[in-house]
Structure formats: C-alpha cells, structure tokens
Amino acid sequence: MAEGTGAAQVEELMASAMSELEAADSLDRLEEWRVSYMGRRGRLTQILRSLGGMSPEERRFVGGAANRVKALLEESLGQREQAIKRAQSRGSGDQDAFDVTLPGWPMPQGGLHPTTRIVREILSVFQSMGFQVVEGPEVEWERYNFEMLNIPKDHPARDAFNTLWVDYEDENGDKPMLLRTHTSPMQARYMEQTKPPIRIVSPGNSYRYEATDATHEWQFTQIEGLAVDRGVTFANLKGTLFEFARRIFGEDRQVRFRCDFFPFVEPGVDMSIDCFSCGGSGCRLCSGTGWIEIMGAGMVHPKVLEAAGVDSYIYTGFAFGMGPERIAMLKYGIDDIRLFHANDLRFLKQF
Ligand code: FA5
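Keep in mind that this is a model prediction, so the values were computed, not measured.

What about the pairing of strand S8 (residues 265-274)?
Move 1: With respect to burial, S8 is a largely interior element, eight of its ten residues being buried.
Move 2: Where strand S7 (residues 255-260) meets S8, six bridges bridge the pair, whose relative direction is antiparallel. The residue bridging Arg256 from the neighbouring strand is Ser272, located in S8.
Move 3: Between the end of S7 and the start of S8, which pair antiparallel, lie four residues.

Describing the pattern of salt bridges
Move 1: Summed over all chains, the structure comprises 19 salt bridges.
Move 2: In this structure, Arg246 engages Glu243 in a salt bridge whose closest nitrogen and oxygen atoms are separated by 3.6 Å. Residue Arg246 and its partner Glu243 are located together in helix H8 (residues 234-249), separated by three residues, close to a single helical turn.
Move 3: Taking the relative accessible area as the measure of exposure, Glu243 reaches 23% and is therefore partly exposed.
Move 4: Among the salt bridges present, the one from Arg346 reaches Asp344, with a minimum N-O distance of 2.7 Å.
Move 5: Among the residues examined, Arg346 registers a relative accessible area of 67% and is labelled exposed.
Move 6: Using a relative accessible area of 22% as the deciding quantity, one classes Asp344 as partly exposed.
Move 7: If you follow the salt bridges from partner to partner, you end up with Glu142, Glu147, Lys153 and Arg158 in one network.

Cut-offs and rules
Residues numbered from 1 in each chain as written. Predicted model: local features only at pLDDT ≥ 70, side-chain atom pairs only at ≥ 80, totals over all residues. Heavy atoms only, no water. Buried < 20%, exposed > 50% of the residue type's maximum accessible area, 1.4 Å probe, protein only. Helix = DSSP H or I, 4+ residues; strand = E, 2+ residues; numbered from the N terminus. Pairing = 2+ DSSP bridges. Salt bridge = Lys/Arg side-chain N within 4 Å of Asp/Glu carboxyl O.

Below is the structure:
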C-alpha cells in the first residue's frame, strides 16, 4: 500500500465515521457503528491490522494517523452516547433520570432594604400606640404641599423646601404640580377627608432640589405623624415622641425639645436625643454637642386645621416629621446617606 493511499484511506474513514456517528440516534445504532469501525472486523481495526505488511516508513505514517483517529473516534463515541442517554431520559420522563433526593441548588437569599427595615420598625412602634398607617401621592398639588400648610405663595419658608416642579400647566398658565417636598401634605389630605379623632403615620418618598452630601439626598423618605382630637396637648406630643425614642434607640435615652419654626405648627420644635455614641459628652457623631436632632414637630397650627375643615376651637393636634434614613444612619452607624441608593451589595448585604 502506498503511503498516500493509506493516509487517504484513514482520512476517508474518519469522515464517514464521523458523519455516521452524527446520524446514530439510538444506543443500538451506536453499537452497530462501534462494531463496524472498531469491532474485531471493523474498518479501523482492519487498517491497524494491515500495518504489519507495510514498509517501516509507511507503518509509522499510517499507524500514527490511524491511532490518532482511533482515539478521536473513541472520545466522540463516549460523547454521543451521553447525548443520546440525556435525550432519552428527557423524552421518556424516566423518574430515575432525575434524582429527587439530591439537595437543590442554594438560592441566594435576599433581604429587606435598610430603609424598608427602619420604616417598618418605626411604623410598628406608632401602630402599637394606636396610630394607623396611611399613604399618599408623591406627585402633589402645590395647594396641599404649601398653601393648606400655611405656606402661601411668596412665603419665605418656601425657600427651605427647594422644590422640583412638574412640567404641567393649568388653564391659567400656572404650574401647580410638584414632587412633594415633605410628607406633611398628608396632614391636610387626611383631615380634609376624615373627622377627628385622628391618629395617623404616613411614610413615603419626598424630593428636594438640593446638592447631595453625606446627610442630604434629593430623594429621601419621611414619616409624618398626626394626632387630632379634643384636648390634645403638647404633653401628649412629648409623651408619644419620648416613647418612640426609647423604643427605637434604647431605654436610657434622654430627649430634648427646642423651639423651631415650621409655618404649619405653633409652637414648633425640633426633637433631639442624647448621643448614644458618647453618652452626651460630645463626639464626631453629635458634632461635639452631645445631642442628635431627629425630627421636627409641633402643635398643628389653627390655620392648618381650619383650611382642612377642622374646627380649631374644638380640636387641637400635634404633628411630627422625621427622616428614617437619618435615623437608620444613627442606629446602624452609617456615615453617608448616599449609600442607601447606591445599589452596592456590600452595603446592602449587611442588613
Ligand atoms: C419637614 O420636612 C417638616 N415637614 C417636618 C415637620 C412635620 C415639622 C410636622 C413639624 C410638623 P425638615 O425639612 O426638617 O422638616 O425635614 C424633616 C426630616 O426629614 C429631617 O429631620 C431629616 O431627617 C429629613 N430630611 C430633610 N431633608 C432631607 C434630605 N435632603 N435628605 C435626607 N433627609 C432629609
């Protein structure tokens, strides 16, 4: 046999073996294929057997090629066998093909976002004191966000609420829609709809057009509180918020109320707790003051009650508004509010 002829034979055998292997679609046909190429009288076996009659040079050449082809065919046979078995077990619905006793793949477990966690925790404290949870729109009318809260147009207090206005014009050419700058519009909305006694907390997103830094975001959460009834006093406000602070920050908390101004309350206060990091002696967390401010509050302004149709001669109320992210920052030692919306799993996985 000439060197070229032997090589051509091996090459031709390889091509036909591979195409027949592709076509073999059952284990029986696979066995037939194996016998016809690699069985005792198989075509490849014949070539290997004929090596003895070849010249040493030809034997080296053809033998090398035939052995490489043999290894390749054996490997391809194994792969084809696996593929046929997989296809058969899928098609037959064979119970043995799927071992139900094997443990499943572990699914990565998600967790609640830290804002969701703290909001739920705060709400449950107030719910346990008889407050009901209500929610309202984030795209709000100027009327609820400002006017009904005793902040008329051109009132300087509007400067404190850097507003994102919605590009919508009414028939007078005014733009009366905005992204609410706080959750306080819910005071007006709820009082307009519901007669006292009222005890609600209202969580939700608020938006302000401001530069972000470690303690300011342009989108943040607030929780509003409102209690209106006959004879509600400032002592009720202090008692409720004191209990809230102890339940969230620990039994030994001290609270401090100082005068502050919000047009929708009179008197208005800000509430601080003694710094739980330094115990009141002054540290970085409390900027050396020993106190940490956590919310604005006050007695609902009579004008706000009247604007919503509540008789201010009969009823009084208190209101408060806090930022849950800031509270979570204090509680969990988070030093930058921007982490809440950064979608960084290293941060989120800690909660
Ligand atoms: C108000 O928004 C008042 N509506 C709160 C209020 C309600 C007072 C009822 C009296 C009666 P202020 O702007 O201070 O107030 O915001 C309240 C809280 O929201 C702040 O203490 C802070 O925790 C949070 N907050 C305000 N601005 C931002 C901001 N840019 N990023 C993150 N949190 C903020």
